[in-house]
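Take a look at the letters that make up each chain.
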Amino acid sequence: MREYLLIVDDQEINRDVLRLMFEDKYDILEACSGEECIQLAKEHGDKLIMVLLDLHMPGLT
């Protein structure tokens, strides 16, 4: 079974840095909004091993 690391940040540069740090060890999923994060969590929730989440993002209040 594939396992994923989910990176959630509205800033592309932050997602890029985190992806570069972890892509050798994990399969990466990325979301740029809270809504996208929720959708990916619904689709891959049982395969997520970690979520790196920016707490200060627009949307979903």
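Computed from a prediction, not measured in an experiment: that's the story for all the values here. (Residues numbered from 1 in each chain as written. Predicted model: local features only at pLDDT ≥ 70, side-chain atom pairs only at ≥ 80, totals over all residues. Heavy atoms only, no water.)

**Looking at the pairing of strand S1 (residues 4-8)**
Buried residues dominate S1, accounting for five of its five residues. Of the two faces of S1, the one holding Tyr 4, Leu 6 and Val 8 and the one holding Leu 5 and Ile 7 are both buried throughout. Relative to strand S2 (residues 27-31), S1 runs parallel, the two being bridged by five bridges. Residue Leu 6 lies in a different strand from S2, and its bridge partner there is Leu 29. Remark: the S1/helix H1 (residues 12-22)/S2 crossover connection has right-handed handedness. In terms of strand pairing, S1 meets strand S3 (residues 48-53) through five bridges, oriented parallel. (Buried < 20%, exposed > 50% of the residue type's maximum accessible area, 1.4 Å probe, protein only. Helix = DSSP H or I, 4+ residues; strand = E, 2+ residues; numbered from the N terminus. Pairing = 2+ DSSP bridges. Right-handed = clockwise from strand over helix to strand, strands pointing away.)

**Thoughts on the packing of aromatic side chains**
Under the counting rule described, the total for this entry stands at one aromatic pair. With a centroid separation of 6.2 Å and an interplanar angle of 50°, the aromatic rings of Phe 22 and Tyr 26 are classed as tilted. (Phe/Tyr/Trp six-rings, centres within 6.5 Å; stacked < 30°, edge-to-face > 60°.)

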